[in-house]
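What follows is each chain in one-letter form.
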Amino acid sequence: MADSPHRATVLEPAPSSVSADVSPRRRSTRFRPRVLLVESDKDVRATLALGLVGAGFEVLAAPAIEDVLGELGEGRPLPHLVIAPAESCGDGMDGFTFCERLRADARTEHLPVYLLSHHEEPHHRARAEAVRADDYLLRPVPPQVLVSLARLKAGRSAFAPAYEAHTVRMPLAQVLHALLCGTRSGRVELRDNEGWLSFHQGHVVDASFEGERGLTAIRRMLLFGSGAYAVSFAEVLAEGKLVVNLKIYASLLLPAAERFAALCALGIPLSARLVVDFKRLAGLLKSLPDDVGQVIRLFDGQRTVHTALLECGLPEVTTLEAVTCLYAQGVLVPANLIAEREPVPQSIPPFFEPVISSAELEDEEEPFAEAFETTGTSRAA
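The structure contained in this document is the topic of the report that follows. Small disclaimer: the values here were computed from a predicted structure and weren't measured.

## Topic: the packing of helix H8 (residues 246-264) against helix H12 (residues 316-329)
Their axes nearest at 10 Å, the elements H8 and H12 cross at an angle of 25°. Classified by the interaxial angle, the pair formed by H8 and H12 is roughly parallel. In the crossing of H8 with H12, the sense of the turn from one axis to the other is left-handed. Facing H8, whose interface residues are Ala256, Arg259, Phe260, Leu263 and Cys264, H12 presents Glu316, Val317, Leu320, Glu321 and Thr324.

Right, here's the structure in full:
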């Protein structure tokens with residue numbers, strides 16, 4: 001590629017922001033994945049660049065494609081991701097031509113490329129596929145969407161069969177939001193849980209999670225799915241009846257997932273076993289909503305919070321909000337706390353231990369055995 005005047009600006013993240021957001025396999029204060037960002041609008045360019053920088057990326061930003069061609073020449077460090085406008089800026093090069101040139105050069109053919117468009121033209125998707133762009137997104141594109149896409153693909157080949165990620169680094173709700181903003185089709189598959197979902201041109205078309213299917217599956221996958229997962233891109237068959245588009249997802253499912261994550265961050269583990277402090281409940285009973293009873297009755301010291309959320313008739317997020325409030329009020333407490341506060345008296349024998357002497361047991365061994373065989377009950381019963 002021919003050199004051009006250097007009008008690109010390099011923005012670097014603060015050292016403390018790098019290790020938390022880039023791939024765990026590349027956590028080094030010296031490694032800063034570089035994103036090449038071309039955007040003609042100064043304000044939009046600044047907003048997107050600051051979002052990426054805040055996530056730990058180094059950004060090479062410029063107003064036109066011609067301004068960055070020199071940065072891709074021989075002897076210069078290549079970026080790890082390219083974001084460019086689909087339309088040309090005035091008489092300059094458009095993103096489709098730019099992507100085609102990148103793919104034709106052996107040094108840059110592997111670079112992931114995202115094209116952004118102000119409005120969708122009928123032929124744009126076909127052109128994006130023809131030049132092998134990684135995706136084609138309509139503006140306005142939220143900064144968090146570009147951050148998710150950058151975390152997914154920066155530094156990896158544009159033609160990898162699957163892209164590995166982790167919910168600690170990138171929650172499922174965020175990556176799915178980013179995927180639905182694009183036009184690609186593919187599948188998200190959990191590695192540590194039993195679950196997957198298929199997406200197709202801005203829709204979730206099918207989902208399965210821990211025995212559930214459809215809308216319940218996608219909702220619970222977003223709330224409870226955790227650990228490693230893989231995103232693969234390929235045409236999918238819309239076999240399921242579920243159709244969740246970007247608008248519904250962004251207005252309903254995404255806020256619910258973010259609220260659920262915020263509640264979990266308050267510190268009540270989903271694996272915790274809680275029990276009711278009835279003395280505390282009696283003092284607060286009149287101030288509690290009527291329907292909170294269906295939440296309270298689930299906490300018997302045996303169920304986990306996770307199980308209670310699944311069994312309650314209320315939505316999972318609503319139930320977790322109630323659990324969090326009840327826990328803060330002292331109505332729900334860890335099961336071991338009640339056990340320590342009210343120990344079992346020593347005069348009461350432990351369960352399943354005989355309460356008769358050995359002599360009595362020898363005298364009545366045969367009648368006892370006979371009764372157990374015929375009725376299935378013990379003498380104590």
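Back to the write-up after that little detour.
## What to know about the sheet that holds strand E15 (residues 300-304)
Taken in spatial order, the three strands of this open sheet run E15-E14-E16, and their pairing is antiparallel. Single-partner strands in this sheet number two, and they are E15 and strand E16 (332-334). Across the sheet, the mean angle from the axis of one strand to that of its neighbour is 40°, orientation sign disregarded. By the bridge criterion, three bridges tie strand E14 (residues 273-276) to E16 in an arrangement that is antiparallel. Paired with Val276 across the two strands is Leu332, which belongs to E16. Contacting E14 and E16, H12 crosses the sheet at an angle of about 75° to E16.

## Quick look at the packing of aromatic side chains
Enumeration over the complete set of coordinates arrives at three aromatic pairs. Between Tyr163 and Phe233, the aromatic rings sit 6.0 Å apart at their centres with planes inclined by 70°, giving edge-to-face as the arrangement. Pair noted here: Tyr163 is in strand E7 (residues 162-166) and Phe233 is in strand E12 (residues 228-233), with a separation of 70 residues, a long-range link. Judged by its relative accessible area of 1%, Tyr163 falls in the buried class. The interplanar angle of 80° and the centroid separation of 6.0 Å between the aromatic rings of Phe199 and Phe233 together place this pair among those described as edge-to-face. Here Phe233 lies in strand E12 and Phe199 lies in strand E9 (residues 195-200), a separation of 34 residues in the sequence. Using a relative accessible area of 1% as the deciding quantity, one classes Phe199 as buried. Linked through ring pairs, Tyr163, Phe199 and Phe233 together constitute an aromatic cluster. Across from the ring centre of Phe233, 4.4 Å away, lies the NZ or CZ of Lys153, which sits over that ring. It is Arg187 that lies over the ring of Trp196; its NZ or CZ is 4.3 Å from the centre.

## A few points about the packing of helix H6 (residues 172-180) against H8
Close contact between H6 and H8 brings their axes to 10 Å; oriented N to C, the two are set at 170°. Our classification of the angle between H6 and H8 gives roughly antiparallel. Residues Leu172, Ala173, Leu176, His177 and Leu180 of H6 form the contact with H8, whose participating residues are Leu246, Tyr249, Ala250, Leu254 and Ala257. Residues belonging to the contact of H6 with H8 are distributed by class as follows: nine nonpolar, one polar and no charged.

## Some thoughts on empty space enclosed by the protein
In total, this model carries one cavity of 30 Å³ or more according to the counting rule given. By volume, the largest cavity amounts to about 40 Å³. Around the largest cavity, the lining residues are Leu172, Val175, Leu176, Val188, Leu197, Met221 and Leu222. Listed by contribution, the elements that provide at least two residues to the lining of the largest cavity are H6 and helix H7 (215-224). When residues of the lining of the largest cavity are assigned to their parent elements, the largest contribution, three residues, is made by H6. Among the residues making up the lining of the largest cavity, the classes are represented as seven nonpolar, no polar and no charged.

Reading the values: the criteria
Residues numbered from 1 in each chain as written. Predicted model: local features only at pLDDT ≥ 70, side-chain atom pairs only at ≥ 80, totals over all residues. Heavy atoms only, no water. Axes fitted to C-alpha atoms, helices over the stretch in contact; angles between N-to-C directions. Helix = DSSP H or I, 4+ residues; strand = E, 2+ residues; numbered from the N terminus. Parallel < 35°, antiparallel > 145°, perpendicular 65-115°, else oblique. Left-handed = near helix turned anticlockwise from the far one by under 90°. Contact = heavy atoms within 4.5 Å. Pairing = 2+ DSSP bridges. Phe/Tyr/Trp six-rings, centres within 6.5 Å; stacked < 30°, edge-to-face > 60°. Buried < 20%, exposed > 50% of the residue type's maximum accessible area, 1.4 Å probe, protein only. Lys NZ or Arg CZ within 6 Å of the ring centre and 35° of its normal. Nonpolar A, V, L, I, M, F, W, Y, C, P; charged D, E, K, R; others polar. 1 Å grid on protein atoms, 1.4 Å probe; cavity = no way out; pocket = protein on both sides within 12 Å on 5 of 7 lines; lining within 4 Å. Points joined across faces, edges and corners; volume = space filled by probe spheres on them.

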